[in-house]
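# Coordinates in review
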Amino acid sequence: MYFKFTFCPIILLLWASLSFAQNVNVVIHGAASIAKTDDNFVCVTLDWWPAEKCDYNQCPWGKAGILNLDLRYGALINAIKAFNPLRIKVGGSLQDNVVYKVGEVSSCPNFMKREDGLFGFSQGCLSMERWDQLNRFFNHTGVKLTFGLNALFGRNESQTEKGLWIGDWQPQNTRDFMQYTISKGYKVDSYEFGNQLSGSGMGAKVDAKQYGKDVIVLNNLVKELYAHPETQPKVLGPGGFYEEKWFNIFLEVSGQGIVDGLTHHIYNLGPGDDPNMMNKILDPSYLNQVSQTYKGVSDVVNKFRPQLGAWVSESGGALNGGSKDVSRTFADGFWYLDQMGMASTYDQKVFCRQALIGGNYGLLNATTFVPNPDYYGALLWHRLMGSTVLAVTKESDPDLRVYAHCAKKKPGVSLIFINLSKDRSFNITLSNAKPGDAGKPNYEFVGKQNREEYHLRALTGDIKDDIVCLNDVPMVQTDSEDIPAMDPKLVDASTPISIAAQSIAYVTIRDFEAPACV
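Because the structure is a prediction, the values reported are computed rather than measured.

### Here we look at the overall build of the protein
- A tally of helices and strands in the protein yields 11 helices and 29 strands.
- Over its C-alpha trace the protein gives a radius of gyration of 23 Å, about what one expects of a compact globule, namely 24 Å for 518 residues.
- Taken across its 518 residues, the protein has 61% of its residues classed as buried.
- Within the structure as shown, the protein displays about 21100 Å² of accessible surface, and the carbon and sulfur contribution to it stands at 50%.

### A short note on the state of the cysteines
- Overall, the coordinates contain four disulfides when judged by the stated rule.
- Put simply, Cys43 and Cys352 are joined by a disulfide, and their sulfur atoms are 2.1 Å apart. Since a negative S-S torsion denotes a left-handed disulfide, the Cys43-Cys352 link at about 85° is right-handed. One end of the pair, Cys43, is in strand β3 (residues 42-46); the other, Cys352, is in strand β18 (residues 348-353), and 309 residues separate them in sequence.
- Judged by relative accessible area, which is 1%, Cys43 ranks as buried.
- The disulfide bridge from Cys54 ends at Cys59, spanning 1.9 Å between sulfur atoms. Given an S-S torsion of about 95°, the disulfide between Cys54 and Cys59 has right-handed geometry.
- By relative accessible area, Cys54 is classed as partly exposed at 36%.
- Given a relative accessible area of 45%, Cys59 falls into the partly exposed group.

### Describing the packing of helix α10 (residues 332-345) against helix α11 (residues 373-384)
- The geometry of α10 relative to α11 is characterised by a closest axis approach of 9 Å and an angle of 25° between their N-to-C directions. Considering their axes alone, α10 and α11 lie roughly parallel with respect to each other. Note that α10 runs across α11; the crossing there is right-handed. Seen from α10, the contacting residues are Asp332, Gly333, Tyr336, Leu337, Met340, Gly341 and Ser344; seen from α11, they are Asp374, Gly377, Ala378 and Trp381.
- Class assignment for the residues of the contact of α10 with α11 results in five nonpolar, four polar and two charged.

### Describing the side chain of Asn372
- By the element assignment, Asn372 lies in the loop between β18 and α11.
- The residues contacting Asn372, other than those within four sequence positions of it, are Arg328, Gly362, Leu363, Leu364 and Asn365.

### Topic: the sheet that holds strand β13 (residues 234-240)
- The strand order around the closed barrel built from eight strands is β3-β4-β8-β11-β13-β14-β16-β18, with neighbouring strands paired in parallel fashion. With direction set aside, neighbouring strand axes in the sheet form an average angle of 30°.
- Lying over the sheet, helix α9 (residues 291-304) contacts β14 (261-266), β16 (310-315) and β18, oriented at roughly 170° with respect to β14.

### Topic: the sheet that holds strand β9 (residues 156-157)
- The three strands are arranged β9-β10-β12 in an open sheet whose pairing can be described as mixed. What marks the edges here is a single partner per strand, and that holds for β9 and β12 (205-206).
- Where strand β10 (residues 164-166) and β12 come together, two bridges link them in parallel fashion. The residue bridging Leu164 from the neighbouring strand is Lys205, located in β12.

### Structural notes on the confidence of the model for the protein
- Summarising the model, the protein shows a mean pLDDT of 95, and 96% of its residues fall at 70 or more.
- This stretch, residues 11-16, has a pLDDT under 50; its non-local contacts, to residues over four places away or in other chains, come to 10 contacts.

### Here we look at the pairing of strand β24 (residues 451-458)
- Burial analysis of β24 places eight of its eight residues in the buried class, the great majority of the element.
- Alternating positions in β24 separate into two faces, Arg451, Glu453, His455 and Arg457 on one and Glu452, Tyr454, Leu456 and Ala458 on the other, with burial throughout.
- Where β24 and strand β27 (residues 489-491) come together, three bridges link them in antiparallel fashion. The partner of Arg451 across the bridge, within β27, is Val491.
- Bridging between β24 and strand β29 (residues 504-509) involves five bridges; their strand directions are antiparallel. Within β29, the residue paired with His455 across the bridge is Ala505.
- Sheet topology places β24 next to strand β25 (residues 468-470); three bridges connect them, and they run antiparallel. Bridge assignment links Arg457 to a residue of β25, and that residue is Cys469.

### Notes on the nonpolar core
- Ranked by internal contacts, the top residues of the largest apolar core, which has 128 residues, are Trp131, Phe147, Phe177, Tyr375 and Tyr506.
- Ignoring any residue separated from it by four or fewer positions in sequence, one finds Trp131 in contact with Leu126, Leu145, Phe147, Phe177, Tyr180, Thr181 and Tyr186.

### Topic: the pairing of strand β11 (residues 190-193)
- Neither face of β11 is left uncovered, since the one carrying Ser190 and Glu192 and the one carrying Tyr191 and Phe193 both have all their residues buried.
- Examined bridge by bridge, strand β8 (residues 143-149) and β11 share four bridges and lie parallel to one another. By the bridge assignment, Gly148 is partnered in β11 with Glu192.

### A look at the pattern of salt bridges
- Across all of its chains, the model carries 24 salt bridges by this definition.
- Two residues, Asp189 and Arg87, come together in a salt bridge whose shortest N-O distance is 3.0 Å. You can see Asp189 sitting in the loop between α4 (172-183) and β11 and its partner Arg87 sitting in strand β4 (residues 86-90), a full 102 residues away along the chain.
- Salt bridges sharing partners connect three or more residues here, namely Asp38, Arg87, Lys144 and Asp189.

Thresholds, definitions, all that
Residues numbered from 1 in each chain as written. Predicted model: local features only at pLDDT ≥ 70, side-chain atom pairs only at ≥ 80, totals over all residues. Heavy atoms only, no water. Helix = DSSP H or I, 4+ residues; strand = E, 2+ residues; numbered from the N terminus. Rg over C-alpha atoms; globule rule 2.2 N^0.38 Å. Buried < 20%, exposed > 50% of the residue type's maximum accessible area, 1.4 Å probe, protein only. Areas by Shrake-Rupley, 256 points an atom, 1.4 Å probe, with all protein chains shown as cover. Disulfide = S-S within 2.5 Å. Axes fitted to C-alpha atoms, helices over the stretch in contact; angles between N-to-C directions. Parallel < 35°, antiparallel > 145°, perpendicular 65-115°, else oblique. Left-handed = near helix turned anticlockwise from the far one by under 90°. Contact = heavy atoms within 4.5 Å. Nonpolar A, V, L, I, M, F, W, Y, C, P; charged D, E, K, R; others polar. Pairing = 2+ DSSP bridges. pLDDT = per-residue confidence, 0-100. Core = buried A, V, L, I, M, F, W, Y, C linked by side-chain atoms within 4.5 Å. Salt bridge = Lys/Arg side-chain N within 4 Å of Asp/Glu carboxyl O.

Here you go:
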């Protein structure tokens, strides 16, 4: 049990004040947007893993999997409701090993450890009783749902190439599942076809041409069963790691208008047991490497133009359940929030965090449902950062990461500042880029309204803490298990924006004139 702090220790404030301060000017290019995200850009996953899922001599999933999660906990309900709404994707590694107990399927086995099974498990099953429970929960908490479908149903593993699954996808079980879902009036925003079957695959793979043919079958099925366009779920795919050749072939075969959203996964921190995990998170050059993936996906989207653009439909940072020493801590926010900022600049419409709960990378503790620090960073993003993305430029200091959007609630702009430096703080002044004339100096911005600032720091100053302070107030749930108030600090607009060493800050400026935000 946590000691319930009511303030952040004064030692943190003294340490922050002693760090070396560097002056930086940040230029906001507000004349036009560079990208657009979905209004519900922040997304989380719920995974199928059973308690027996273990990696690196630990088993961190407990009863957090879809089939075992206790949906009655107030802390869980309140954490989701706080987003109003929260986009959730149900899926994960075992989704292509799940049958739905409906129609011709009569037996409903649980996942069991099996050495020759997909990811070491036997086939599992979603009963319609559990599907009913989940939908009551989703409806109660206001979830916007993406459901990951089994794309291996009816296929067989090749006898000549390990991991390759061959044959046509058989849609009957999915048809029966969708018909049941429609008969109950359950709302599904989108269906994603398969999990990590693209390219070299993870555990299993499907040839790009075959996947393209099968996703046409899925698209036709959705259009047949959901007759009204306004209630018709979108079709997403392939939900795997980006490989240029595979993605291009699949989209050439399926053609335009079949896949509504192009989905891919990001795990750029590598294995969860990497002893250099913290160094990776704090290394700006390492964080920048993944931009090549975002650019590649963006190029494919520009070529084939799926209606919903590109989604990061799963990203947990570190593979195989995350890092037990890092993923639950304040430090993980340097990776997570920077990834959301970077992805948005490359026109990625949605960013799904693996996971809401479960493993080491859950936004909520798998046993207590207490929010980890990244939960609060995600909630602030959802509340403050609008869908219109603006370009920013600054003096070249790679330890300071800056992203700007139009404010979610007009007027104004919202920015996120991420300071990776251990011993330097930054005093930020802002300029407004002069539109249409690169040769003229930018306008220095001098605001008249108080800024709204949200400063996030680790409780004791140690970024390995698992409690975060917002404006020097520890974020802990109330006695009634509600999310605490997350109010801004109002700051005189004539003063620089001060970003403490190894801290994160959201800042909303209501009187910043950005034509793209009107």
